[in-house]
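This is what each chain is made of:
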Amino acid sequence: MKGLILKDLYLLKGLGKQFGLVFGFLFLWSIMMKSFSFMILYCVIMCGSIVMSTMSYDESVSFNRFALTMPVNIKMLVRAKYVLILLILLAVSGIGALLNFSLPFFWSADGGAFEWSGIAAAVAVFMVTNAISLPVMFKGGVEKARYVYILCMFLVGGGVAGIAYLIEKMGISMQLEEMLSEVSISIIFIVIAVVSMLISYFVSVKVAGRKEW
Amino acid sequence: MSMENAISVKHLIKEYGDFKLDNISFQVPMGTIVGFVGENGAGKSTTIRSVLGLIPIQQGEIEILGHKIENNEQNAAWREQIGVVFDECNLPAVLKVRDVCRIMRNIFKTWRDEKFTDYLARFDVPLNKKIKDLSKGMKMKLSIAIALSHDSRLLILDEATSGLDPVVRREILDIFREFIEDEQHTVFLSSHITSDIEKIADYVMLIHKGKILFTENKDELLYNYGIVRCSKEQAALIPKELIIGKEENAFETSVLVKDIGKVRENAAFKEAEQGNKNSYVLDRANIEDILLYVVKSEEKSMNI
């Protein structure tokens, strides 16, 4: 599996310049806006397209079929993609944490608040969206998965935003904030994300196992 | 567990909508090169994908190097001993050749860097180039270098030489010959370029419309099979069990027979030979002739 992840990292290296430019632009934007939240949010969303890009490279040359002629089984093939998502997410979260700690260097202590629960919600939306689109990718290919990904982003993201809006309208928001700390809300989102990814992994293994390579 | 055969297939059935691998059985003996021929769509790739466990089969038993292949196989360790090359390079085009070495080192336990770089040097494949910048021939050589740079005892090649120029093809065929020299290595090569099979195969296996028509020793095949060009009346005298295929036109009838010796022994043909009366011509058949006659006669029988 290490070889498969390494292959994806080499593929990402090729996309490095592209992502570097976007990252640089967002960094400047964040400095001007005195908030890194949007930047982290955007990076989290971009992670999905990164994984799709590696799958797209694989698909164009039937790499998975070739991989299955090597000492690689279906589980390893599927797991490698999920590990890649986690690695990218960890990298983005790491950058987020680093920026968070460096906040005082950019702004005075009272400026530039960093909303962890917001980021956790974004991570959850991202992971649930990926959890739905990854089995589709293994079954029907990257093109179908891209549509599903965009649709899910709207549905899941819209759903979360809608629920948040309703909660606030009904006045539950204040009570929630009293009941749960920001850390607790973040943990709830992370648990949702992890559970959805676990379910998705097992579905992907099933789907990929039935596929004709 | 028989280890005399590198590949053993028994009663394999694989059905798609309009295509069926129809109860096929064959063996690939250890230490040999077996050429697998058939027209496009005959079932070569489906057979290879079934053998490799890439597609689930409906029925049958498959063994590779003594390992029984199951549908949705999870044990992948045995694949350490096989090298597979398809008709295209299956590595993402943006990777560098150098990256491929590092990736494979982390996939195969028995991967050997020096063997890989030696092959690349021999093939003139530059390490620093991206795969997309390599010619088709170089890409195939890279795929073959990967297949040979770990402890592979069996090479399975699906149309690996198609689309390559004769010089590159000859180079690649030479490598396959070297590979089996110690008689512990085996090559199973599918191709519709019959001249390649004729050059290197020990055995020839012919598949047509999902059925294995024969597996024969190549030398015996080329020695025994022949084309009799004669009159319609003479053709009628050839025993039916010897006839593989027949072609007729206004001037002559040509018949592909599986034993030219037996045709020569036939009294009517002996007489014609001795008396030079109603003479006939007997040509040796090559694999391409055999393939063409078989396919044509099959089509004719279907039209009838």
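Residues numbered from 1 in each chain as written. Chains lettered and ligands numbered in written order. Predicted model: local features only at pLDDT ≥ 70, side-chain atom pairs only at ≥ 80, totals over all residues.

## Brief notes about the overall build of chain A
To be explicit about the condition: A run of H or I in DSSP becomes a helix once it reaches four residues, and a run of E becomes a strand once it reaches two; helices and strands are each numbered from the N terminus. With C-beta atoms placed from the backbone, a residue is labelled by how many other C-beta atoms lie within 10 Å of its own: buried for 20 or more, exposed for 12 or fewer, partly exposed between the two. Note on contacts: residues are paired as contacts if their backbone-placed C-beta atoms lie within 7 Å.
Along its length, chain A carries nine helices and zero strands. Per-residue burial for chain A yields a buried fraction of 34% across its 213 residues. Counting contacts in chain A only where the partners sit at least 6 residues apart, residues at least 24 apart contribute 82% of the total.

## Description of the confidence of the model for chain A
In plain terms, the rule: The predictor attaches a confidence to each residue, and that confidence, scored 0 to 100, is pLDDT.
Per-residue confidence for chain A averages 81 on the pLDDT scale, and 87% of its residues sit at or above 70. Here helix α8 (residues 172–179) of chain A stands out as the element of chain A with the lowest mean pLDDT, 63, in contrast to helix α3 (residues 63–67) of chain A, whose mean of 95 is the highest.

## Observations regarding the packing of helix α1 (residues 2–33) of chain A against helix α2 (residues 97–105) of chain B
Each packed pair of helices is defined by two parameters, the angle between the axes and the distance between the axes. For clarity, the cut-off: Fitted lines through C-alpha atoms serve as axes, helices being fitted only where they are in contact, and the angles separating the N-to-C directions of these axes extend from 0 to 180 degrees. Angle categories: roughly parallel below 35 degrees, roughly antiparallel above 145, roughly perpendicular from 65 to 115, and oblique for all the rest. Crossings are assigned a handedness: left-handed for a near helix turned anticlockwise from the far helix by less than a right angle, right-handed for a clockwise turn. Only Asp, Glu, Lys and Arg are considered charged in this grouping, and only Ala, Val, Leu, Ile, Met, Phe, Trp, Tyr, Cys and Pro are considered nonpolar; every other residue, Gly among them, is considered polar.
Between α1(A) and α2(B), the shortest axis-to-axis distance is 7 Å and the interhelical angle comes to 155°. With respect to each other, α1(A) and α2(B) are oriented roughly antiparallel. Like other packed secondary-structure pairs, α1(A) and α2(B) cross with a definite hand, here right-handed. Judged by residue contacts, A:G3, A:L6, A:K7 and A:Y10 of α1(A) engage B:D99, B:R102, B:I103 and B:M104 from α2(B). Across the contact of α1(A) with α2(B), the residue classes break down as four nonpolar, one polar and three charged.

## Re the interface of chain B and chain A
The interface is formed by 28 residues belonging to chain B together with 24 residues belonging to chain A. Of all elements in the fold, only β6 (82–85) and α2 of chain B reach the threshold of two or more residues within the side of chain B that touches chain A. Ranked by residue count, the leading element in the side of chain B that touches chain A is α2(B), at four residues. In terms of residue class, the side of chain B that touches chain A is built from 18 nonpolar, four polar and six charged.

## Overview of the sheet that holds strand β14 (residues 281–284) of chain B
Remark on secondary structure: sheet strands pair via backbone hydrogen bonds, oriented parallel or antiparallel. All names here are of chain B. Rules: Strand pairing requires that DSSP identify at least two bridges connecting the strands.
Spatially, β12-β13-β11-β14 is the arrangement adopted by the four strands of the open sheet, whose pairing is antiparallel. Edge positions in the sheet fall to β12 (243–248) and β14, since each of these pairs with one other strand and no more. Ignoring strand direction, the axes of neighbouring strands in this sheet form an average angle of 20°. Of the strand pairs in this sheet, strand β11 (residues 226–230) and strand β13 (residues 253–257) are connected by five bridges, and their pairing is antiparallel. The residue bridging G226 from the neighbouring strand is V257, located in β13.

## Focus: the domain arrangement of chain B
This is how it is decided: Segmentation of the chain into domains, including their bounds, is taken from an automatic or database domain assignment.
For chain B, the assigned domains read domain 1 (5–216) and domain 2 (226–284). Put simply, the middle of domain 1 of chain B and the middle of domain 2 of chain B, counted by C-alpha atoms, are 39 Å apart.

## A few points about helix α5 (residues 166–179) of chain B
Residues and elements named next belong to chain B. Here is the rule we go by: Take the residue count of a helix, subtract one, and multiply by 1.5 Å to get its expected span. Directions drawn from the helix axis to the C-beta atoms are what define this arc.
The terminal C-alpha atoms of α5, which comprises 14 residues, lie 20 Å apart, in line with the 20 Å expected from a rise of 1.5 Å per residue. For α5, every residue scored as buried is listed here: R169, I172, L173, F176 and F179. Looking down the long axis of α5, one finds its buried residues gathered within 110° of arc, a one-sided arrangement. Residues of α5 that are exposed and angled more than 90 degrees away from the buried face: V167, D174 and E178. At its buried positions, α5 is contacted by β3 (33–37), α4 (136–148), β7 (154–158), β8 (186–191) and α6 (194–200).

## With respect to the nonpolar core
As a reminder of what qualifies: Definition of nonpolar core: a set of buried Ala, Val, Leu, Ile, Met, Phe, Trp, Tyr and Cys residues joined via C-beta atoms within 7 Å.
Formed by 139 residues in total, the largest nonpolar core has its most connected members in A:L77 and A:V123. Per element, the largest residue contribution to this core is 16 residues, and it comes from helix α6 (residues 116–140) of chain A. When residues are assigned to domains, this core turns out to be shared by domain 1 (5–216) and domain 2 (226–284) of chain B, each giving three or more. Ignoring sequence-local partners within four residues, the contact set of A:L77 consists of A:L4, A:N64, A:A67, A:L68, A:V72 and A:A208.

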